[in-house]
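Close look at the chain arrangement
Here is how the chains run, residue by residue.
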Amino acid sequence: MKQNLKQTARKRLAAMALFLLICLPFSLAQAQTIKVNGRVTDDLNEPMIGVSIFEKGTTNGVITDMDGNYSLSVKEGATIVYSYIGYLTQEKKAVAGVMNVILKEDTKTLDEVVVVGYGTQKKATLTGSVSSVSGEDIKKVSAANLSNTLAGKTAGIIANTRSGEPGEDGADILIRGKGTLGNTSPLIVVDGIADRSFSRLNPEDIESISVLKDASAAIYGARAANGVILVTTKRGKEGKMQVNYNGSYTLSQPTRIPQMLNSYQYATYVNEYDADPRHDQGGITYSDEVLQHYINHDDDLNYPDTDWWDAVAKDWAGKTQHSLSVSGGNDKLSFYSSAQYMWQDAIYKQSTQDYKQYQFITNIDAKINKSVRFSFDILGRQEQRNRGIYSTPYLFTYFLTTFPGSAPYFPNGLPRVGYDGITRNAAIMVTDQPGYNKYYNILNLKPLLHIDLDMITKGLYVEGYAALDFHFDNGKSLNQPYDLYYYDKATNEYQNKRADTGKISVNSWSSNYKTITLNARIGYSHTFAEAHKVDAFV
């Protein structure tokens, strides 16, 4: 019986081997490659240089030469993709031999409307240097501050973020580098209003951002010497009502975390310095007994070992964002409204520091009659910046240089006095125990009236608006005494040094101001023979 089973197994193995030998040539034939060559031209039969040609689903590809010619080896039956900026992408089944291709212009790209100066213009008619970023691209970047979303999205933008502090993480923006020794910031224009900040706008409310460079920004005069950033928010469109919700929770962390010395390493380096006769220290600071305690970690009360970054900072800082928008309209009235809540945490442990933002926006457009249009824009935002009484630069400078042989807490959990001063315990300094600061509110209004004067001549119009920006900056700071303990080795007692941490004090402040911008113009906009457009205003 066993002999029969062995013979059967051998026959099956032989059959499988024979099957594989038969299929192998067929598989090799299927994997054969073919060579394709040809020429790529445009509608006018002009050769196209630098057209990207690749085998679909792979990285196998080439680009056309100066005469539009190419040559590419691909698998038989593969699909070849031809693509070029401003032209429609084509896909063709690979055939051995000559494959000539004619690419057609992408008219949709040329018809895209770009915000320029005080109006809009199609990309096809642009002559100046203008870059545009759509709201959809902005939303893909999960940033709490919009100024951090432009870098890498458009050419010529340099964005330098100098702080990750919640509520203070705006970027310094340069367009094509520095052009002056003075103020190098570009002019910011939001919905036609200059000097309005865009950094705290809700990404969900952005229709587009245009960057004007060089002569394209000349319409704004001397203030455009460093370029102009035009921000356009969304408006309602004719059609059914749409309701959109967007919510997210993101985590962030420092890109680089310092590696801190432990107590033994620190003490060793100090002793090496002391031992150098050039320093004339008169002996070493840390004895062998102390060094041994640092190595053994056997006396956390008298010889602690603290990584102060780990004691003060968390691994991650969270950010929560919720946004709800409603839009719609008909031929008489359209609207866009949205509300946003955002919360951003700090990197500190047990920290009072965070940033909260409540924002709403409403853009209303009404067609009163055939010649008169009215719009009203409202934006309100409350920014709550909660802080401890110590600034971020001071905290970082302090806890990154604190002696690792000190500790934030005693083994029994009581907070310790600072190693170089009673109040200087970084783990306590980042909390609200020493005190806190809070502040900001903003309200922007913009009514606009547009009247067509076609009864005088077709294309003539008058328009005016008033931009009202109100700022209500209110804050309160509280300094209060708090518990810190000193260990007395002689009496083996913990002494509360609360009386040495300062006296209680409260400071409240307010700064309310407004900015009013009035604008009126008469203009003319008309297209002749469906090809020639005249657009001017005074």
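Not measured: the values here are computed from a predicted model.

A word on the overall build of the protein. Regarding its fold elements, the protein presents eight helices and 29 strands. A total of 538 residues make up the protein; the buried ones form 38% of that total. A total of about 31000 Å² of accessible surface is found on the protein, and carbon and sulfur atoms cover 54% of it.

This next bit is on the sheet that holds strand 5 (residues 79-83). The strand order across the open sheet built from four strands is 3-2-5-6, with neighbouring strands paired in antiparallel fashion. The strands lining the two open edges of the sheet, one partner per strand, are strand 3 (61-63) and strand 6 (90-93). Across this sheet, the average inter-strand angle for adjacent strands is 20°, counted without regard to direction. When strand 5 meets strand 6, the two strands line up antiparallel, connected through four bridges. Across the sheet, the residue bridging to T79 is K93, located in strand 6.

Low-pLDDT portions of the prediction should not be read for the details of their coordinates. Within the protein, residue pLDDT values average 84, and 90% of them lie at 70 or more. Element-level mean pLDDT values for the protein span from 43 in helix 1 (residues 2-30) up to 95 in strand 20 (residues 333-345). Confidence over residues 13-30 falls short of pLDDT 50; this stretch has zero contacts with residues more than four positions distant or in other chains. Contacts of residues 123-127 to residues separated by more than four positions or lying in other chains number eight contacts, the stretch itself having pLDDT below 50.

Our focus in this paragraph is the pairing of strand 26 (residues 485-488). As defined by bridge partners, strand 26 adjoins strand 27 (residues 493-496) across four bridges and the pair is classed as antiparallel. Opposite D488, over in strand 27, you have E493 as the bridge partner. The turn linking strand 26 back onto strand 27 is made up of four residues, and N492 within it adopts a positive phi angle of 60°.

Next up on the list: a positive patch on the surface. Taken together, the side chains of K332, K367, K370 and K458 define a basic patch exposed on the protein surface. By the element assignment, K370 lies in the loop between strand 21 (354-367) and strand 22 (372-386).

A few words now on the packing of helix 4 (residues 263-275) against helix 5 (residues 288-296). The interhelical angle for the contact between helix 4 and helix 5, taken along N-to-C directions, is 155°, at an axis separation of 8 Å. By the angle class used here, helix 4 and helix 5 are roughly antiparallel. Note that helix 4 runs across helix 5; the crossing there is left-handed. Residue-level inspection shows S263, Y264, A267, T268 and N271 of helix 4 in contact with helix 5, the latter providing L291, Y294 and I295.

A few words now on the packing of aromatic side chains. Scanning the entire structure with this criterion turns up 17 aromatic pairs. Aromatic pair F410 and Y494: ring centres 5.0 Å apart, planes at 75°, arrangement edge-to-face. Given the relative accessible area of 5%, F410 is considered buried. Residue classification places Y494 among the partly exposed residues on the basis of a relative accessible area of 32%. Stacked on the ring of Y465, the Lys or Arg K446 has its end atom at 4.9 Å from the ring centre. Looking at R521, its charged tip hangs above the ring of F537, at a distance of 4.8 Å from the centre.

Another aspect to go through is unusual backbone geometry. Look at D191: it is not a glycine, yet its phi comes out positive at around 50°. Among the structural elements, D191 can be located in the loop between strand 14 (187-190) and strand 15 (193-194). In this structure, H297 takes a positive phi of about 55° despite not being glycine. Along the chain, H297 turns up in the loop between helix 5 and helix 6 (308-312).

Let us look at helix 4. In a regular helix each residue adds 1.5 Å, so 13 residues correspond to 18 Å; helix 4 covers 18 Å between its end C-alpha atoms and thus fits that length. Looking at the buried positions of helix 4, the neighbouring elements they touch are helix 5.

Turning to helix 7 (residues 392-399), a few remarks are in order. For helix 7, the complete set of buried residues consists of T392, L395, Y398 and F399. The arc that holds the buried residues of helix 7, viewed along the axis, is 135°, so those residues lie on one side. Turned more than 90 degrees away from the buried face of helix 7, the exposed residues are P393 and T397. Packed against the buried residues of helix 7 are helix 6 and helix 8 (426-429).

Before going further, it helps to spend a moment on the pattern of salt bridges. For the structure on display, the rule yields 19 salt bridges. Two residues, D365 and R235, come together in a salt bridge whose shortest N-O distance is 2.8 Å. A residue pair is termed long-range when its members are at least 10 positions apart, and D365 in strand 21 and R235 in the loop between strand 17 (228-233) and strand 18 (239-252) qualify at 130 residues. R235 gets classed as partly exposed once you look at its relative accessible area, which sits at 27%. Notably, a salt bridge pairs E383 with R381, separated by 2.8 Å at the nearest N-O pair. Take R381: its relative accessible area is 7%, and that puts it in the buried class. In the salt-bridge network here, residues are joined through shared partners; they are E165, E168, R381, E383, R385 and R387.

L150, F198, L201, I209, I229 and V231 are the most contacted members of the largest nonpolar core, which has 19 residues in total. Elements supplying a minimum of two residues to this core: strand 13 (171-175), strand 14, strand 16 (206-213) and strand 17. Look past the residues within four positions of F198 in its chain and what remains in contact with it is L146, S147, L150, I173, I188, V190 and V231. In this structure, I34, I80, Y82 and Y87 belong to the second largest nonpolar core, which totals 17 residues.

Pairing geometry for strand 1 (residues 33-41) and strand 4 (residues 69-75), over seven bridges, is antiparallel. Opposite V36, over in strand 4, you have L72 as the bridge partner. Bridge count for strand 1 against strand 7 (residues 97-98) is two bridges, and the pairing is parallel. Directly across from N37, in strand 7, lies its bridge partner V98. Across two bridges, strand 1 lies against strand 8 (residues 101-102) in parallel orientation. In the strand pairing of strand 8, V40 is matched with V101.

About the criteria used
- Residues numbered from 1 in each chain as written.
- Predicted model: local features only at pLDDT ≥ 70, side-chain atom pairs only at ≥ 80, totals over all residues.
- Heavy atoms only, no water.
- Helix = DSSP H or I, 4+ residues; strand = E, 2+ residues; numbered from the N terminus.
- Buried < 20%, exposed > 50% of the residue type's maximum accessible area, 1.4 Å probe, protein only.
- Areas by Shrake-Rupley, 256 points an atom, 1.4 Å probe, with all protein chains shown as cover.
- Pairing = 2+ DSSP bridges.
- Axes fitted to C-alpha atoms, helices over the stretch in contact; angles between N-to-C directions.
- pLDDT = per-residue confidence, 0-100.
- Contact = heavy atoms within 4.5 Å.
- Patch = residues over 30% accessible without salt bridge, like charges linked within 9 Å, V, L, I, M, F, W, Y side chains within 5 Å.
- Salt bridge = Lys/Arg side-chain N within 4 Å of Asp/Glu carboxyl O.
- Lys, Arg positive; Asp, Glu negative; His and termini not counted.
- Charge placed at Lys NZ, Arg CZ, Asp CG, Glu CD.
- Parallel < 35°, antiparallel > 145°, perpendicular 65-115°, else oblique.
- Left-handed = near helix turned anticlockwise from the far one by under 90°.
- Phe/Tyr/Trp six-rings, centres within 6.5 Å; stacked < 30°, edge-to-face > 60°.
- Lys NZ or Arg CZ within 6 Å of the ring centre and 35° of its normal.
- Expected span 1.5 Å × (residues − 1).
- Arc of directions from axis to C-beta.
- Core = buried A, V, L, I, M, F, W, Y, C linked by side-chain atoms within 4.5 Å.

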